[in-house]
Amino acid sequence: MKVIFEKHSLIEKLSPAMCAVSTKNTFTSIEGVLIETIDDKACRLSTYDMEKGVCATVESTVIEPGSNIINAHRFFQIVRMMPQDTITVEINEKLLATITSGKSSFSLHALNGRDFPTLPELSGINNFCLESGILKGLINKTSHSIAVQDMRPMLCGGYFEIDNDRITVVACDSYTLAKCEVISKINQSEENLSLSFIVPGKSLNELQKLLPDGEDVVSISLARKHIIFNIGEIIFFSRLIDSDYIDYKRIIPKDQPINVVISRNEMIEGLERAALVSEDKSAGSVRSYVKCSFEDNLLKLSSTSINGNVYDEISCEHSGGKIEIGFNCRYLLESLRAATTEKVRIKLISPLMSMTIEPENFDENDNFLYMVLPVKMKD
């Protein structure tokens with residue numbers, strides 16, 4: 001195989017593909033990037049770590065067709081350091097890859113393309129389209145509540161519910177819950193579209209980096225075990241979590257009598273100051289909680305650790321009675337940072353029941369709900 005690439009075009013397509021390169025050192029082939037010639041003017045770059053993958057087409061001049069695997073991290077580092085805009089990749093019959101640009105040259109061992117794991121079928125039965133900015137916003141607002149590790153695999157992913165033009169994304173890690181809902185016109189082949197699926201959190205984190213802001217359209221295909229996202233000239237695909245999601249509607253508190261409207265930024269700043277104490281973890285100590293006292297249109301924040309204490313006051317609109325409740329400061333901060341409105345509405349029932357955070361005023365284009373589980377306070 002012998003192919004000539006333009007450096008900027010190769011980096012543009014190779015960079016997003018790096019997110020699906022395996023780092024577990026299980027098989028040499030999945031640590032590499034598969035380079036396949038399509039015709040005399042293009043190549044396909046593929047990476048696949050057995051959970052998620054990327055395929056990208058890059059313009060090139062194909063002198064000799066072929067299909068080979070090169071170690072992705074080494075190849076990417078070499079390409080970025082090459083001195084000129086033209087890069088030639090040549091792989092001989094002994095599977096020795098020579099990468100040259102100007103007077104610079106590198107040699108690497110390659111593998112035959114047949115050793116690359118079989119990619120899933122990159123097409124699905126259920127197809128729809130969504131604006132890139134909307135999909136990115138849904139992930140941004142919910143990803144902080146996806147569990148990193150849990151005995152229940154469904155909690156390690158984001159749950160998508162699609163009911164015609166209504167898209168709902170839910171995440172729950174047993175301590176917090178995030179729910180975001182938007183109404184957006186979805187291009188679809190059927191009149192009624194009703195789907196639900198769970199995408200692994202690691203895949204959503206990488207997808208978020210690939211999605212551009214704005215109104216670019218992302219084509220989404222749902223297969224039996226995989227989901228495929230067509231983002232311009234890049235195809236990102238991921239396995240799905242094969243499980244039923246928790247009944248999240250049942251665990252969201254209802255009829256919360258204590259109601260607080262507060263500036264989101266002011267509360268974030270107050271919690272960041274409180275975190276200097278509550279998140280301080282010295283030798284032999286554990287993180288402490290932040291106590292939130294709502295009384296007389298004031299939120300009083302306080303926290304105490306072995307190294308000191310903090311106290312702060314923030315103005316708010318409060319109704320429904322006095323309450324003191326404790327939280328893990330980080331969980332509360334992550335939920336508030338994910339919110340997007342200037343003011344938020346906080347609802348509570350008791351010191352032992354979860355707090356919910358919503359927009360001050362309902363807006364179907366910015367409808368979110370966050371739930372944070374309290375901690376039991378010592379005093």
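*Asks:* So what exactly am I meant to see when it comes to the overall build of the protein chain here?
*Replies:* The number of helices and strands found in the protein chain is seven helices and 25 strands. Reported as C-alpha extents along the three principal axes, the dimensions of the protein chain are approximately 80 × 55 × 35 Å. Here the protein chain, with 379 residues, has 52% of them falling under the buried criterion. Within the protein chain, residue pairs in contact and separated by at least 24 positions form 67% of the contacts whose partners lie at least 6 positions apart. Entry remark: accessible area of the protein chain is about 19,000 Å², with carbon and sulfur atoms responsible for 46%. Taking the 40 positively charged and 52 negatively charged side chains of the protein chain as two groups, their mean positions are separated by 6 Å.

*Asks:* I tried to follow the sheet that holds strand β10 (residues 157-163) on my own but got confused; where do I start?
*Replies:* In any sheet, the strands associate via hydrogen bonds between backbone groups, in a parallel or an antiparallel arrangement. Read across the open sheet, the nine strands follow the order β13-β10-β11-β12-β25-β24-β23-β17-β21; overall the sheet is antiparallel. Sheet topology places β13 (194-200) and β21 (317-319) at the edges, where each strand pairs with a single neighbour. The mean angle between the axes of side-by-side strands here comes to 15 degrees, regardless of whether they run parallel or antiparallel. Note that strand β11 (residues 166-172) and strand β12 (residues 176-183) share seven bridges and pair antiparallel. Its bridge partner being in β12, Thr168 is matched across the sheet by Glu181. Where helix α3 (residues 132-142) meets the sheet, it contacts β10, β11, β12 and β25 (367-372), and its direction lies at approximately 160 degrees from that of β12. Set on the sheet, helix α6 (residues 264-278) makes contact with β17 (258-263) and β23 (343-348); between it and β17 the angle comes to about 90 degrees.

*Asks:* Sorry, what's going on with the sheet that holds strand β22 (residues 323-327) here?
*Replies:* Strands sit in the order β20-β19-β18-β22 across an open sheet of four strands; the sheet is antiparallel. Looking at which strands have only one partner, the edges of the open sheet turn out to be β20 (308-315) and β22. For this sheet, the mean angle separating the axes of adjacent strands, direction not counted, is 20 degrees. Across five bridges, strand β18 (residues 290-295) lies against β22 in antiparallel orientation. Pairing of Lys291 across the sheet is with Gly326, part of β22.

*Asks:* How do you make sense of the pattern of salt bridges when you look at a structure like this?
*Replies:* Two side chains carrying opposite charge are able to pair once their charged atoms lie near each other. Scanning the model with the defined rule gives 13 salt bridges in all. For Arg337, the salt bridge is made with Glu272, and the minimal N-O distance between the two is 3.0 Å. Taken together, the positions of Arg337 in helix α7 (residues 329-338) and Glu272 in helix α6 put the pair 65 residues apart, joining distant regions of the chain. Taking the relative accessible area as the measure of exposure, Arg337 reaches 46% and is therefore partly exposed. The exposure class of Glu272 is partly exposed, given its relative accessible area of 34%. The residue Arg273 makes a salt bridge to Asp312 at a minimum N-O spacing of 2.7 Å. Remark: Asp312 occurs in strand β20 and Arg273 occurs in helix α6; sequence separation between them is 39 residues.

*Asks:* Where do I start with the side chain of Ser305 in this structure?
*Replies:* Relative to the helices and strands, Ser305 resides in strand β19 (residues 298-305). Note on Ser305: relative accessible area 18%, which makes it buried. When neighbours within four sequence positions are excluded, Ser305 is seen to be in contact with Val277, Asp280 and Ser288.

*Asks:* Help me understand the environment of Gly113 in this model?
*Replies:* Within the fold, Gly113 resides in the loop between β8 (104-112) and β9 (126-131). In this structure the C-alpha to C-alpha distance between Gly113 and Ile69, which are 44 residues apart in sequence, comes to 5.6 Å. The contact partners of Gly113, leaving out residues within four places of it in the chain, are Leu34, Ser67, Asn68 and Ile69.

Basis of the calculations
Residues numbered from 1 in each chain as written. Predicted model: local features only at pLDDT ≥ 70, side-chain atom pairs only at ≥ 80, totals over all residues. Heavy atoms only, no water. Helix = DSSP H or I, 4+ residues; strand = E, 2+ residues; numbered from the N terminus. Buried < 20%, exposed > 50% of the residue type's maximum accessible area, 1.4 Å probe, protein only. Contact = heavy atoms within 4.5 Å. Areas by Shrake-Rupley, 256 points an atom, 1.4 Å probe, with all protein chains shown as cover. Lys, Arg positive; Asp, Glu negative; His and termini not counted. Charge placed at Lys NZ, Arg CZ, Asp CG, Glu CD. Pairing = 2+ DSSP bridges. Axes fitted to C-alpha atoms, helices over the stretch in contact; angles between N-to-C directions. Salt bridge = Lys/Arg side-chain N within 4 Å of Asp/Glu carboxyl O.

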